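Given next are the chains, with one letter for each unit.
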Amino acid sequence: METLSLQHQQFLKKLNNQLFIILLLMVACFFTWSENVNITRAIKVVGRMGVMIFSILLYRKIIRYGSINSLEYKNIFSPILYIGYLILGFISFSWSTNPGFSALQWFMTAQSFVFSYFFVKSLKVLDVYFNGHNIRLYHLLGNAVFVLQLIFVIGMWVDPDVFFRLTDGGEEARLGGTMMNPNELGMLAGVGCACLIFDLYRFKNKVWTIVKILVIFYALFMTGSRSSLIGVLLIIFFHINQTKQKTLKFAIIALVAMVAPFAVYTVILKGGDQERLEEIMSLTGRLPFWQALITEGLPREPLLGFGFMRIDYKEFFQSAHTYPGKMTHNTFMQVLMNLGFIGFTIVLFQVFFTVKSILSEQKELKLMLIGILIPIVINSFTEFGIFGESNYGILFYQIIIFSIAFRNNNHLTRLQKIILKKKRPDLIQD
């Protein structure tokens, strides 16, 4: 920020707060904050629409203040194939077994897609025209996750009946309550840890960042989410392997050594309970459910599926030997069922080009995106995931897509130079 004028610094400080607020609100709109169905729908549909519009206005504000739209696209196959997936989903309304439900799910996914486009584009424009600014995606997202997890950590002590969900016949209480699936809340914690770890690299005073990470990790532990815990441990070991700072590496290893054995024994191994271990081996009934979907459900509509976010002709799919399910608990299986082999092929190529593009980015961006990708991909194999019913995992994946989709075009047109010179004469040399 030293290279920027005081006026620019004030503008960026205000903008940083606004970007944080809209990201926090966007993620918060995925929660079920009220038992009233109408209030929940208003938050999830109308609230997200308002935040999406605000993201567009913020982008326009940045352009008006002191920049131009000189960004061009790169790694084009990742966003193009995702748009192809959305187009196929839209067309599927015509054969969906519940067009209203498919349309609602598609609309919410499209909302977050537009939000992600303008949110990431705002950050990319800042990188070009405000060199030296300190607004970072990982800081915004990490702090947004921290605030939400802190609400649940405080809530579990203030009102445990609301913030805990009883499972396994009331034997286990998991953080999340009726507001959020514990596994989804755990995935959010994983994303928060992945982002805040970068603040450990950036800030000299690491105490407050460590406190935030510990609060998030405590919330993760209380969700009892096995997949999310595995994701966080993978993220931590990934960063241990990357960092060259011996003090930071030792601190992370020491922290993991203290916490991991207890967490793994309690959350993943469920205290050594034999019955629970057998349950884990079947992925709590998911394996037979997936087998039934492939052998009984898929042959009915193999090419184009049952319609966007639909897995059967009825509301629930149920085999003679499985529980009834409205979604597959596996995002790739979800695509296979709702858009058939055609949609599944589009998604596989889309993921391939996304990962390929991430690996070709500069180091900091690559490490950040991989860190975010790890928990949401792990979650995708057991819950809603990046192509499932509307959830913030989709939002994070869309942010990843656009984070690798823009670059600056250094060859400005004559008109662009004239406009930029009026706004920022310091950037244009005669």
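The model shown is predicted, which means the values in this text are computed figures rather than measured ones.

Account for the overall build of the chain, with residues named and values stated.
A count of helices and strands for the chain gives 16 helices and four strands. Sorting the 430 residues of the chain into buried and exposed places 55% on the buried side. For the chain, the computed accessible surface area is about 19,700 Å², with 66% contributed by carbon and sulfur atoms.

I'd like a description of the packing of aromatic side chains, backed by residues and values.
The tally for this structure, following the rule as stated, stands at 36 aromatic pairs. Arranged with centres 5.7 Å apart and planes meeting at 70°, the rings of F387 and Y397 form a pair that is edge-to-face. Note that F387 is positioned in the loop between α14 (363-380) and α15 (392-403) and Y397 in helix α15, a separation of ten residues in sequence. Grouped by ring-pair contacts, the aromatic residues Y59, Y73, Y82, Y85, F113, Y117, F118, F308, F387, Y397, F402 and F406 constitute a single cluster. Sitting over the face of the ring of F30, R48 holds its NZ or CZ atom 4.1 Å from the ring centroid. Against the face of F130 rests R424, its NZ or CZ located 4.7 Å from the ring centre.

Summarise the packing of helix α1 (residues 6-28) against α15; cite the residues concerned and give the values.
Any two packed helices are characterised by the angle at which their axes cross and by the distance between the axes. The N-to-C vectors of α1 and α15 enclose an angle of 140°; their axes lie 9 Å apart at closest approach. With respect to their mutual orientation, α1 and α15 come out oblique. Across the interface between the two elements, L23, M26 and V27 of α1 pack against Y392, L395, F396 and I399 of α15. The residue makeup of the contact of α1 with α15, split by class, is seven nonpolar, no polar and no charged.

Run through helix α13 (residues 331-359), naming residues and quoting values.
Over its 29 residues, α13 extends only 23 Å from the first C-alpha to the last, a length that falls short of the 42 Å expected when each residue adds 1.5 Å. Within α13, the axis deviates most sharply at L339, by approximately 130°.

Quick rundown of the packing of α1 against helix α4 (residues 99-129)? Include the residues and the values.
Put simply, α1 and α4 touch, their axes get as near as 12 Å, and they point 160° apart. In terms of orientation, α1 and α4 fall into the roughly antiparallel class. The hand of the α1/α4 crossing is left-handed. Note on element contacts: α4 touches α1 through Q111, S112, F115, F119, L123 and L126, opposite L12, L15, L19, I22, L23 and M26.

Break down a nonpolar patch on the surface for me, with residues and values.
Taken together, the side chains of Y73, I76, F77, I80, I83, I87, F90 and I91 define a hydrophobic patch exposed on the protein surface, amounting to about 760 Å² of accessible area. Broken down by element, the nonpolar patch gets its largest block of residues, six residues, from helix α3 (residues 77-91). In this structure, I76 sits in the loop between β1 (71-73) and α3. Owing to a relative accessible area of 38%, I76 belongs among the partly exposed residues under this scheme.

Go over the confidence of the model for the chain with me, naming the residues and quoting the values.
Scored by pLDDT, the chain has a mean of 87; 89% of the residues are at 70 or more. Averaged pLDDT values over the elements of the chain bottom out at 56 in helix α11 (residues 274-281) and peak at 97 in α3.

Reading guide: rules and limits
- Residues numbered from 1 in each chain as written.
- Predicted model: local features only at pLDDT ≥ 70, side-chain atom pairs only at ≥ 80, totals over all residues.
- Heavy atoms only, no water.
- Helix = DSSP H or I, 4+ residues; strand = E, 2+ residues; numbered from the N terminus.
- Buried < 20%, exposed > 50% of the residue type's maximum accessible area, 1.4 Å probe, protein only.
- Areas by Shrake-Rupley, 256 points an atom, 1.4 Å probe, with all protein chains shown as cover.
- Phe/Tyr/Trp six-rings, centres within 6.5 Å; stacked < 30°, edge-to-face > 60°.
- Lys NZ or Arg CZ within 6 Å of the ring centre and 35° of its normal.
- Axes fitted to C-alpha atoms, helices over the stretch in contact; angles between N-to-C directions.
- Parallel < 35°, antiparallel > 145°, perpendicular 65-115°, else oblique.
- Contact = heavy atoms within 4.5 Å.
- Nonpolar A, V, L, I, M, F, W, Y, C, P; charged D, E, K, R; others polar.
- Expected span 1.5 Å × (residues − 1).
- Bend = angle between axes of the 7 residues up to and from the residue.
- Left-handed = near helix turned anticlockwise from the far one by under 90°.
- Patch = residues over 30% accessible without salt bridge, like charges linked within 9 Å, V, L, I, M, F, W, Y side chains within 5 Å.
- Salt bridge = Lys/Arg side-chain N within 4 Å of Asp/Glu carboxyl O.
- pLDDT = per-residue confidence, 0-100.

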